[in-house]
Each structure stands twice: as structure tokens, then as C-alpha cells.
Amino acid sequence: MEIDPFIFRLSIFILSIFIGYYVVWSVTPSLHTPLMSVTNAISSVIIVGAIIAGLAGNSENIFNKSSIFGFLAISLAAINIFGGFLVTQRMLQMYKKKKKDK
Amino acid sequence: MSANLSAIFYLISGVLFILALRGLSSPETSRQGNFFGILGMIIAIVVTFLSVGSFSGAFVYVLIFLLIGGLIGAFIAYKIPMTAMPELVAGFHSLVGLAAVFVAISAFLNPEAFNLGSPGKIKLGSLIEMSIGAAVGAITFSGSIIAFLKLQGIMSGSPITFKGQHPLNALILISILVVTYFLCSTQFSNLFWILLAISFLIGFLLIIPIGGADMPVVISMLNSYSGWAAAGIGFTLENTALIITGALVGSSGAILSYIMCKGMNRSFFNVILGGFGAAEQSSTSGSKEQKPVKSGNAEDAAFLMKNASSVIIVPGYGMAVAQAQHALREMVDTLKKNDIKVSYAIHPVAGRMPGHMNVLLAEANVPYDEVFELEEINNDFSNADVAFVIGANDVTNPAAKNDPQSPIYGMPVLDVEKCKSVLFIKRSLSPGYAGIDNELFYKENTLMLFADAKKMTEDITKNL
């Protein structure tokens with residue numbers, strides 16, 4: 001009997017939860033705010049779905065009901081991607097070590 | 001591009017996202033981590049374009065919308081003050097939620113584009129995944145909007161409770177399950193819209209009873225939801241990058257909520273069910289008697305600190321509100337010139353989001369190796385001369401250790417009272433968020449400085 005591909009995706013999902021668990025516990029508490037902003041940015045990889053939806057509009061009918069939602073989702077996700085990564089970058093630039101030791 | 005090849009690239013971008021989070025384990029590796037994240041995102045987007053492969057008229061519009069969003073995002077990222085980071089993150093969560101909802105809607109309206117069947121005959125598994133993604137996305141969206149409004153101060157931070165709130169919420173949650181069941185069994189499209197509407201509604205209702213100082217838990221929780229929403233959509237689109245990312249973000253948010261709850265010694269459900277701080281306020285205000293308080297001015301504070309050999313600074317949300325972090329660092333610079341040892345003590349729930357205080361101190365150029373977490377520094381208070389509490393309150397309240405009647409009893413607190421003297425900047429004697437009096441105010445060795453945190457800090461610097 002063949003295994004449903006869903007099971008493979010489920011396996012990836014479950015294993016990723018465990019990876020996330022161990023990786024996030026090792027994040028230093030002082031970087032919890034950048035952690036939130038970067039998770040925000042990466043969860044916007046949902047833009048791939050939005051792009052598929054947007055490109056699905058064929059040339060006679062670029063703006064159909066489905067692709068309009070796709071286009072809107074592209075913009076929303078793009079705000080997050082650019083905003084999320086850049087603000088994380090901005091924050092991380094500020095974390096500096098003591099210049100000289102006493 | 002063949003489906004297999006693009007799947008491999010999605011896997012690569014998923015791995016890069018894992019490395020992005022891994023980088024955050026120390027400030028030195030964090031910038032590299034962020035770069036991995038950006039790289040993963042670029043790969044995912046480019047591969048999507050290549051795998052669809054139709055560069056028709058729609059392609060231009062996709063780029064335009066991408067650019068519009070990108071410009072808005074970049075603009076916000078450069079303009080936003082660091083003190084507004086909690087609002088920003090809440091706002092961003094709402095966008096992830098809404099994007100998930102929109103993607104689910106377009107997949108529902110045009111399932112052919114995603115290989116999910118045809119309208120009215122969507123594959124059962126895909127429809128279930130889509131519904132979960134859409135419902136969680138909608139909850140994330142409306143919940144984050146409320147969190148944003150509360151953090152921004154547009155909506156009052158105090159909990160909004162009404163009779164029958166919990167039964168109502170339970171009823172709506174059950175109805176979400178029922179509607180999902182019927183949607184999947186009948187494919188009746190109106191049920192999809194009903195599902196979205198009640199999910200939006202429950203998002204609002206779940207967050208309104210939660211008070212302002214519980215926002216660290218709420219933001220983390222919504223962070224987690226946005227991940228689960230993304231994962232739901234990832235299953236629908238059969239996209240590994242999205243599934244991996246959703247799982248990472250989901251567990252990240254869940255861990256942060258756990259850490260925040262532990263920082264307050266409260267269970268997750270206690271926070272989520274809300275209403276904390278509203279009930280207690282009335283019970284304590286009746287029994288309040290006038291107790292003597294020693295209050296001082298900037299000169300007294302400067303005198304105390306000048307004669308100290310070590311000072312521990314305890315920042316809290318009040319510092320963020322007063323934007324006092326730069327003034328504080330200037331004061332510390334002056335102290336250091338006088339050979340006084342200074343360190344910072346940060347409580348896990350200080351501020352309005354995890355790590356909030358750390359970012360503000362980093363912004364003010366405080367080196368991160370002078371900043372310590374609660375467990376690292378709590379034993380040092382007994383050896384320090386002065387504790388300088390700026391804008392924190394409940395996290396220093398000794399009642400958490402010695403008054404079993406107190407609503408915050410059992411919460412880990414900073415042992416500020418063990419210092420030889422305590423300086424407490426506060427605008428008035430009003431109780432903190434938990435609505436409980438802080439006995440620290442009335443201690444023999446406490447000097448209250450009633451003023452705006454920023455102004456007082458500047459005045460002290462002048463007097464040093």
C-alpha cells in the first residue's frame with residue numbers, strides 16, 4: 001500500500017516543531033524581541049501562496065476575484081518581509097559588546 | 001522548473017530559516033542568522049516565480065504589489081522608534097494573519113491554480129487544511145489588532161469583561177468546529193465566509209479581557225498562532241518551506257508564552273481567560289491606610305549614588321513610556337567615571353513584550369554584557385549599595401515572596417529590598433498593574449523619587 005504524501009508533510013511538520021523547540025530554547029533572552037520580529041518576517045513566506053494566486057490571473061482577466069486576494073496578500077506579506085527583516089537588522093546592529101574591559 | 005527541483009529549493013529555504021533562528025543564540029552570530037533568513041526568503045520567492053513559469057501580464061502586477069508592500073515595510077522599519085516595538089510586532093502579526101486569510105480565500109475561489117480540484121469539488125484534505133489556516137489566520141488578525149490598539153493606547157489597557165464572556169467564547173469556538181465540519185462535508189461556499197466571520201469575532205473576544213501588562217503573553221501567543229496559520233496554508237499548498245517555517249514560528253511563540261507565564265507565576269489559561277488586575281483593584285483600595293513614605297529629590301539620589309560602590313538598575317515599562325533609556329545611560333556613564341560598578345537587572349516580564357528592555361538598553365548603547373537576567377543577578381542585590389528602580393513596580397514587590405494573600409504571590413521577583421538603599425522613580429504612589437500596593441515604598445531604606453523618569457534621571461546626572 002502506498003503512503004499518502006500528506007503523511008510525509010505531517011512528518012516534516014512534526015519534526016520541525018521539535019527543531020523549533022530546541023532552537024528557540026537556545027535563543028538568549030536578551031534577543032527575544034529580535035526573535036519575534038524575525039519569526040514574523042519568515043512566517044511571511046506565505047507570500048509564495050499569494051504569488052501563485054496572483055499569477056493565476058490569466059492575461060484576459062488579470063483581476064479576477066481570486067487573484068485580487070492574491071495581490072493584496074502579496075502586499076501584506078511584503079510589508080512583513082521587508083519590515084520584519086530590516087527592523088531585526090536594525091535591532092541587531094545595536095547589540096554591542098563592552099568596548100574596553102576595566 | 002520541475003516540481004521536484006522547486007521542492008528541493010523550498011527545503012533549502014526552510015533550512016536557512018532554521019539557521020536564522022539558530023543565529024539568535026548569541027548577539028555575535030545573530031546578524032549572520034538574519035542574513036540566512038533573508039537569503040531563504042529570496043530563494044523561496046524566486047523559486048515560486050520560476051515554478052509557475054508564466055510571465056504574463058499578471059507578473060507585472062505581482063511585482064508592483066510586492067514593491068508597494070516592500071516600500072511600506074522598509075519605511076516602517078526605518079522610522080519606528082524602538083519604544084514602539086511591541087506595537088510594531090503586534091501590527092506585523094495581524095498582517096501575517098490577514099495574508100493567510102487572503103491566500104486561503106483565493107485558494108478557495110480558484111482551487112485549480114493550486115491543483116486542489118475545482119470550486120465545489122475541492123479535495124477534502126486540502127479543504128480541511130485551508131479551513132484551519134483561514135480560521136487561525138483570522139483569529140491572529142483580529143486578536144493582533146486588539147493587542148495593537150491596547151499597546152498603542154488607542155484602546156484602554158484595562159481588561160474588558162462582561163457577564164457570560166467565557167460561555168460565549170466557548171460557544172463560538174465550538175461553532176467554529178461545527179461550521180468547519182459542515183463546510184468540509186457539503187462544500188457549501190457560504191459556510192466558508194461564515195467560518196471567517198466567526199473566527200474574526202472570536203479573535204476580538206479572546207483578547208479584550210486581557211490587560212495591558214499581560215501583553216507579553218498575548219504577543220507571544222499571537223506569534224505562535226501566526227505560525228500555525230502559515231503551517232495550515234503550507235499543508236494546503238503542499239509547500240515544505242511554509243510547513244517548516246510555520247512549525248518553527250508556532251513553537252517559538254509557544255515557548256515565549258511559556259517563559260512569560262512562568263515569569264509571572266501564572267498558568268497560560270489564567271492569563272488567557274483574562275480579567276487579571278480588574279478584580280483585585282477594588283478589594284485592596286478599601287483597606288488602604290496612610291503609611292509614611294520617604295520621598296527625596298535628585299540631589300538626595302545623586303548623593304546616595306556617589307557614595308555607592310555598586311549600583312544595580314532595574315528598568316521597567318515606565319522607562320519605555322518616558323523614553324528614558326538614553327538619559328539613563330548618560331547617568332550610568334557619569335557613575336562609571338566615578339568608579340562605581342553598574343549593572344542592569346531585567347525581569348522576564350519587564351515591559352510589554354519579551355526582551356523589550358534589552359532592546360531599549362541596546363538602543364542606548366548599553367553593552368549587552370552589563371545586562372543580566374533575573375537568575376543571573378538576583379544574588380547580587382544583597383552586596384549592592386543602591387538599587388535604582390526606573391519604571392518597574394510589580395516585579396520588585398516583596399509581597400510575591402512573603403504574602404500568600406497577594407495576587408502575585410509566588411511570582412519570581414527581583415530582590416531589590418536586599419540592597420542597602422533603594423531609589424524608586426515613580427510618578428505617584430499609585431499601585432502597579434496588578435493593582436496591589438508595593439510595600440517596598442514604605443521601607444526604611446527606600447527613597448521615593450516622584451517625577452517623570454527621564455526628567456529625574458537627567459536631574460540626577462546634573463547633580464552627580
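Quick summary incoming for the structure in this document. (Residues numbered from 1 in each chain as written. Chains lettered and ligands numbered in written order. Predicted model: local features only at pLDDT ≥ 70, side-chain atom pairs only at ≥ 80, totals over all residues. Heavy atoms only, no water.)

1. Quick word on the pattern of salt bridges
Two side chains of opposite charge can pair, provided their charged atoms sit close to one another. Applying the stated rule across the entire model yields ten salt bridges over all chains. We note a salt bridge from Arg9 of chain A to Glu238 of chain B, for which the minimum N-O separation is 3.5 Å. In this pair, Arg9 of chain A sits in helix α1 (residues 5–25) while Glu238 of chain B sits in the loop between α8 (215–237) and α9 (240–263), so the two residues belong to two different chains. Overall, Arg9 of chain A belongs to the buried group, its relative accessible area being 15%. Lys455 of chain B serves as the salt-bridge partner of Asp459 of chain B, at 3.2 Å between the closest nitrogen and oxygen. A residue pair is termed a helical-turn pair when its members lie 3 or 4 positions apart in one helix, as Asp459 of chain B and Lys455 of chain B do in helix α18 (residues 453–463) at four residues. Overlapping salt bridges bring together Lys401, Asp415, Glu417 and Lys418 of chain B as one network. (Salt bridge = Lys/Arg side-chain N within 4 Å of Asp/Glu carboxyl O. Helix = DSSP H or I, 4+ residues; strand = E, 2+ residues; numbered from the N terminus. Buried < 20%, exposed > 50% of the residue type's maximum accessible area, 1.4 Å probe, protein only.)

2. Description of the sheet that holds strand β7 (residues 421–426) of chain B
Across a sheet, strands are paired by hydrogen bonds formed along the backbone, either parallel or antiparallel in direction. Residues and elements named next belong to chain B. Taken together, the six strands give an open sheet; going across it, the order is β5-β4-β3-β6-β7-β8, and neighbouring strands pair in parallel fashion. Edge strands, defined here as strands with exactly one partner in the open sheet, are β5 (371–373) and β8 (446–450). Strand after strand, the sheet turns through a mean of 25 degrees between neighbouring axes, direction not considered. Relative to strand β6 (residues 386–390), strand β3 (residues 310–315) runs parallel, the two sharing five bridges. Within the sheet, the bridge partner assigned to Pro315 lies in β6 and is Ile390. (Pairing = 2+ DSSP bridges. Axes fitted to C-alpha atoms, helices over the stretch in contact; angles between N-to-C directions.)

3. Remarks on the pairing of β6 of chain B
Residues and elements named next belong to chain B. Counting buried positions over the five residues of β6 gives five, a clear majority of the element. Residue alternation in β6 divides its side chains into two sets, Val386, Phe388 and Ile390 and Ala387 and Val389, and both sets are buried. Across five bridges, the pairing between β6 and β7 is parallel. Across the sheet, Phe388 pairs through a bridge with Leu423, a residue of β7.

4. Concerning α18 of chain B
Residues of α18 of chain B that are buried: Ala453, Met456, Thr457 and Ile460 of chain B. For α18 of chain B, the angular spread of the buried residues around the axis is 100 degrees, confining them to a single face. (Arc of directions from axis to C-beta.)

5. Points about the packing of helix α5 (residues 124–152) of chain B against helix α6 (residues 165–186) of chain B
All names here are of chain B. The N-to-C vectors of α5 and α6 enclose an angle of 150 degrees; their axes lie 10 Å apart at closest approach. As judged from the angle between their axes, α5 and α6 are roughly antiparallel. At the point where α5 passes α6, the crossing takes the right-handed sense. Contact with α5, carried on its side by Leu124, Leu127, Ile128 and Ser131, involves Thr180, Leu183 and Cys184 of α6 and no other residues of that element. Taken together, the residues of the contact of α5 with α6 break down into five nonpolar, two polar and no charged. (Parallel < 35°, antiparallel > 145°, perpendicular 65-115°, else oblique. Left-handed = near helix turned anticlockwise from the far one by under 90°. Contact = heavy atoms within 4.5 Å. Nonpolar A, V, L, I, M, F, W, Y, C, P; charged D, E, K, R; others polar.)

6. A few points about the interface of chain A and chain B
With 79 residues of chain A at the contact, the number on the chain B side is 105 residues. Counting each side, the surface lost to burial between chain A and chain B is near 8400 Å², with a carbon and sulfur contribution of 78%. Of all residues in chain A, Met36, Ile46 and Leu55 of chain A bury the most surface against chain B, accounting for 9% of the area lost on that side. The tally of links from chain A across to chain B stands at one salt bridge. Taken together, chain A and chain B are joined by 16 residue pairs in polar contact (both at pLDDT 80 or more). The greatest single-element share of the side of chain A that touches chain B, amounting to 28 residues, is contributed by helix α4 (residues 65–94) of chain A. Looking at the side of chain A that touches chain B residue by residue, the classes come out as 49 nonpolar, 23 polar and seven charged. (Buried area = accessible area lost by both parts, 1.4 Å probe. Polar contact = N/O pair within 3.5 Å; in protein donor to acceptor, adjacent residues only side chain to side chain.)

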